[in-house]
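Examination of the molecular architecture
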Amino acid sequence: MRTSQWSAAALAAGLVVTLAACSSGGESGDGDVQTGQELTMLIGSSGDAETTAVQAAADAWAAETGNTVEVIAANDLVQQLGQGFSGNNPPDIFYMPWDQFQTYAAQGFIEPYADELANAGDFLPALAEQFSYDGQFYCAPKDFSTLGLQINLDAWEAAGLTDADIPTDWDQLASVAQKLTTGEQVGLSMGREYARVGVFMNQAGGSLVDGDTVVADSPENAEGLAYLQGLIADGSLKFPQELEAGWGGEAFGLGKAAMVIEGPWINGAMANDFPDRRFISVELPAGPAGPSNFAFSNCWGMPVGSETKDATLDLIEFLTSDEQQLAFAEAFGVIPSTESGSAAYAEQFPENAAFVAGVASATSPVAFQGASAALADFNVQLEQIGSADPSTLLGTLQTNLQAAFDEANG
Amino acid sequence: MPRTAVRPRRGGGIRRGEARSGWLFIAPSVIITAVFLVIPIALAFWVSLSDWNGFQSPLNPRVNFVGLENYAAITVDEGLDRRNFGISVRNNLYYVLLVVPLQTIISLLLAVQVNRAALRGKGFFRTAFYFPSVTSTVAIVIVFQFLFTASGAVNAVIGAFGIDGPDWFNDSTGLVHGALSAFGVSGPPPALAEPGFLGISAWEWLAGPSVAMTSLIMLAIFTTSGTFMLLFLAALQSIGAEIDEATLMDGAGPVRKFFSVTVPMLRPTLFTVLTLGLIGSWQVFDQIYVLGGASAGGTISTPAFLAYRSSFVDLEWGQGAAIAFILFLFIIVLTVLQRWLLRERGPKKRKNASSKTADLAASATAFTVDGGLR
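Residues numbered from 1 in each chain as written. Chains lettered and ligands numbered in written order. Predicted model: local features only at pLDDT ≥ 70, side-chain atom pairs only at ≥ 80, totals over all residues. Heavy atoms only, no water.

1. A few points about the overall build of chain B
Scanning chain B from terminus to terminus reveals 19 helices and zero strands. When burial is assessed residue by residue, chain B has 40% of its 374 residues classed as buried. Of all intrachain contacts in chain B linking residues separated by at least 6 positions in sequence, the fraction that spans at least 24 positions is 69%. Roughly 20600 Å² of accessible area belongs to chain B as shown, and the carbon and sulfur atoms make up 68% of that amount. (Helix = DSSP H or I, 4+ residues; strand = E, 2+ residues; numbered from the N terminus. Buried < 20%, exposed > 50% of the residue type's maximum accessible area, 1.4 Å probe, protein only. Contact = heavy atoms within 4.5 Å. Areas by Shrake-Rupley, 256 points an atom, 1.4 Å probe, with all protein chains shown as cover.)

2. Section: the sheet that holds strand 13 (residues 293-296) of chain A
All names here are of chain A. Read from one edge of the open sheet, three strands run 6-13-15, paired in mixed fashion. For this open sheet the edge positions go to strand 6 (145-146) and strand 15 (362-363), each flanked by a neighbour on one side alone. Pairing of strand 6 with strand 13 involves two bridges; the strand directions are antiparallel. When the bridges of strand 13 are listed, serine 145 appears paired with phenylalanine 296. (Pairing = 2+ DSSP bridges.)

3. Digging into the packing of aromatic side chains
Taken as a whole, this structure holds 39 aromatic pairs over all chains when the rule is applied. Taken together, a centroid distance of 5.2 Å and an interplanar angle of 65° make the contact between Phe45(B) and Phe325(B) edge-to-face. Of the two residues, Phe45(B) is situated in helix 2 (residues 18-48) and Phe325(B) in helix 17 (residues 317-341); the sequence distance between them amounts to 280 residues. Judged by its relative accessible area of 41%, Phe45(B) is partly exposed. Note on Trp46(B) and Phe65(B): the rings are 6.3 Å apart at their centroids and 10° apart in plane angle, and the pair reads as stacked. You can see Trp46(B) sitting in helix 2 and its partner Phe65(B) sitting in the loop between helix 2 and helix 3 (69-75), a full 19 residues away along the chain. The exposed category is assigned to Phe65(B), whose relative accessible area is 56%. Cluster of aromatic residues (ring-pair linked, three or more members): Trp52(B), Phe285(B), Tyr289(B), Phe305(B), Tyr308(B), Phe312(B) and Trp317(B). Taking NZ or CZ as reference, Lys142(A) lies 4.1 Å from the ring centre of Tyr95(A), over its face. (Phe/Tyr/Trp six-rings, centres within 6.5 Å; stacked < 30°, edge-to-face > 60°. Lys NZ or Arg CZ within 6 Å of the ring centre and 35° of its normal.)

4. What about the interface of chain A and chain B?
Counting from both sides, the interface comprises 35 residues of chain A and, opposite them, 36 residues of chain B. Of the roughly 2800 Å² buried between chain A and chain B on both sides combined, carbon and sulfur atoms contribute 57%. Where chain A touches chain B, the interface holds zero salt bridges. The interface formed by chain A and chain B holds two residue pairs in polar contact (both at pLDDT 80 or more) in total. Among the elements of the structure, helix 1 (2-23), helix 3 (77-86), helix 4 (98-106), helix 16 (371-381) and helix 17 (390-409) of chain A are those that each provide at least two residues to the side of chain A that touches chain B. (Buried area = accessible area lost by both parts, 1.4 Å probe. Salt bridge = Lys/Arg side-chain N within 4 Å of Asp/Glu carboxyl O. Polar contact = N/O pair within 3.5 Å; in protein donor to acceptor, adjacent residues only side chain to side chain.)

5. What about helix 2 of chain B?
Residue and element names in this part refer to chain B. Over its 31 residues, helix 2 extends 41 Å from the first C-alpha to the last, a length consistent with the 45 Å expected when each residue adds 1.5 Å. The sharpest bend along helix 2 measures roughly 45° and falls at alanine 27, with the proline proline 28 sitting one to four residues further on. Looking only at helix 2, the buried set comprises Ser21, Pro28, Val47 and Ser48. (Expected span 1.5 Å × (residues − 1). Bend = angle between axes of the 7 residues up to and from the residue.)

6. Brief notes about the domain arrangement of chain A
All names here are of chain A. We note that the domain assignment places domain 1 (38-144 + 297-362) and domain 2 (146-295 + 368-409) within chain A. Relative to domain 2, the C-alpha centre of domain 1 lies at a distance of 27 Å. Taken together, the contact pairs 20 residues of domain 1 with 20 residues of domain 2. Taking both partners together, domain 1 and domain 2 bury about 1600 Å²; carbon and sulfur atoms supply 59% of that area. The interface formed by domain 1 and domain 2 contains zero salt bridges. (Domains from an automatic or database assignment.)

7. Brief notes about the sheet that holds strand 14 (residues 298-301) of chain A
Residue and element names in this part refer to chain A. Read from one edge of the open sheet, four strands run 2-1-3-14, paired in mixed fashion. Strands with a single pairing partner mark the edges of an open sheet, and in this sheet they are strand 2 (68-73) and strand 14. Sheet twist, expressed as the mean angle between neighbouring strand axes with direction ignored, is 25°. Of the pairings in the sheet, the one linking strand 1 (residues 38-43) to strand 3 (residues 93-97) comprises two bridges and is parallel in character. Each residue of the ladder has a partner; that of methionine 41, found in strand 3, is isoleucine 93. (Axes fitted to C-alpha atoms, helices over the stretch in contact; angles between N-to-C directions.)

8. With respect to a negative patch on the surface
Where like charges cluster on the molecular surface, the negative patch consists of Asp406(A), Glu407(A), Asp51(B), Glu69(B), Asp77(B), Asp81(B) and Glu316(B). Along the chain, the position of Asp81(B) falls in helix 4 (residues 80-114). (Patch = residues over 30% accessible without salt bridge, like charges linked within 9 Å, V, L, I, M, F, W, Y side chains within 5 Å. Lys, Arg positive; Asp, Glu negative; His and termini not counted. Charge placed at Lys NZ, Arg CZ, Asp CG, Glu CD.)

9. Some thoughts on the nonpolar core
Core analysis: the largest hydrophobic core is formed by 133 residues, its most contacted members being Met41(A), Leu188(A) and Met259(A). With eight residues, helix 11 (residues 211-237) of chain B is the largest single contributor of residues to this core. When residues of this core are sorted by domain, at least three fall in each of domain 1 (38-144 + 297-362) and domain 2 (146-295 + 368-409) of chain A. If we ignore the near neighbours within four places in the chain, the residues touching Met259(A) are Leu149(A), Gln150(A), Ile151(A), Trp156(A), Leu173(A), Val176(A), Ala177(A), Leu180(A), Gly187(A), Leu188(A), Ser189(A) and Phe252(A). Among the nonpolar cores identified, the runner-up in size contains 28 residues, and Val100(B), Ala235(B), Ile239(B) and Leu342(B) belong to it. (Core = buried A, V, L, I, M, F, W, Y, C linked by side-chain atoms within 4.5 Å.)

10. Thoughts on the pairing of strand 13 of chain A
All names here are of chain A. With burial as the criterion, each face of strand 13 is covered, one bearing Asn293 and Ala295 and the other bearing Phe294 and Phe296. Pairing geometry for strand 13 and strand 15, over two bridges, is parallel. Counterpart to asparagine 293 in the pairing with strand 15 is alanine 362.

11. Remarks on the environment of Ser225(B)
Residues and elements named next belong to chain B. Relative to the helices and strands, serine 225 is located in helix 11. Look past the residues within four positions of serine 225 in its chain and what remains in contact with it is Gln103, Ile106, Ser107 and Leu110. Polar contacts involving the side chain of serine 225 include one to the main-chain carbonyl oxygen of isoleucine 221, which spans 2.6 Å.

12. A look at the side chain of Ser297(A)
Residue and element names in this part refer to chain A. Topologically, serine 297 is positioned in the loop between strand 13 and strand 14. Residue class for serine 297 comes out buried when judged on its relative accessible area of 2%. When sequence neighbours within four positions are dropped, the list of residues in contact with serine 297 reads Met96, Pro97, Trp98, Leu127, Gln130, Phe131, Pro141, Lys142, Asp143 and Phe144.

And the structure:
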């Protein structure tokens, strides 16, 4: 009896130890040395081209400095970031999307390292401002993109249009969109979201936040929506969902839309998925209140109190150097985030000059802490843009944005 | 046990020390249960009462106790959070109301069919009906997405009958609203337009499941009926042939036999199936996640998805946990209610009704209340 009791005890204890052994792990000693660090990088990749290019750049740095970098392409960047932070195991370096930056900074998740970079002063001022919270420049902008109008040249020529017809204002856009609309294809398409629709609101002179007040329900914003509603009523604007496409670029590639409003990322997508599509990107037409565009950017995020800060800073300097950014530009079509880099880019890639030109009139989409939930709701409401009254859509946005704004500043 | 007291304390006895070994033997499972179940639930409850933002441990000193604030934000405070929660509850309510009865009826009918003695290819049908249940939901959702696109197979088939099919997964029209608009009622009468329970107007509560949600309902029925068919089949096979004979002798036809003999004898299984169905359909998540959750005008979002979204995307972990606990409460209340509705009436029936397999399954799931059905 005794023996079996003890063997039972031993068995149970053994099991517990085994289980415990399974759960412990990681935590190998981190030295202060700059070499031999194992960094993990989490990126929200637009596709293989981007993943490969980032991995190649990281490997080049790693080989030079004697560290290793593991690049992980996230399926769902924001979710995986949230998971990493809540598990107290965030990646050492990651893409920080513009729409989440303010929230992460306000919650104290990310390290405000940008001023320590050797090239901190080289970034475009608008981008440095986008990644500042409370007056402090937090993280280095990785690159940036603006929107442009893509035109399918085959459809354009088939409709008898020439270079002189390239739209520069709303009326011309409406008229060419009408001409390009046939039974098979719609004249214009774009994502049904604030990040596209908002451009038209801004071009009409509107904005969501003016200084300290939320002005989402302004008549200018309503005018922007009303213009789009006019296009919808004419049948010359349809959203990708209605064209059975995942996004604007897919509708464009499939030939279901003759013009779309997308950023430079469309180049890579077309080259990969629809290599035969002949198209150009031109500047967005100007609205009644002049030209306006959105600038989107991610920055290189670093978790607050990172143990690998020195190595990561070095990596970020490497990744944001002009030559490296130009290599990224070549690989997946983004525009360098530094003044000199973007100038070199415009020269090197004249077909993308329209995107660089867009910077002049570009603003950052509203992204203060909590705004993303209000804008997500607005995106949902936009499904009714075909039938709803603009003031109803904007009224809801105003209420939600105001509540978020009060909470963020109060 | 009184016997223990009489037994001599020293000198052994064959059962001495049994309790200690007992504890040792169950220690692994107790520890596993505590680590993976009890502690996480307690921690989640703490999170629902705190302002934890998802950074480092929820027990770190910067996290504050905020009482019921998170619960208030989604139930009483006016705003987007409450509205999103209200909409998701409405969506899920319609989902449950349609999925649970339909999947139960369909799985029962399937089970009765494949249980017939004279059915050719019985094995084939059993496998075929069970197949969707062993396939990953994600895979099925993706196949359904292709089937249900505006120019997909489903619309091609109904198009052959001259019906212009909707764009299923993107159509946010509620079925009730759609039906009403066919009668010319396209907006709410003023009495129904006022914001009501959870900030949702009565008109919106009455919208019915959207077309997109209806596609998901079909999907759920398709995938889960097989599992429940298996439960019913097990119960049907434990109904002896002598009962069939007795029914036959008493002169009951097949319909009478089904309603007066088969269904009452299946009552414990019915309870299991309804309970599992109710819990499963309140927790629906994978389908919604794969479809992005925000599509179709927010009409496919569910509390489970919203809990995930508020936590991981909006970093409102407290609210996410609060939603999860409210959902938990919903499920318990509804299970108790359903148990009460399905309770045995009259003491005599009680004995007949216990078929062993089904009873086992029922007791395995009926964890919420004691008493009632045994």
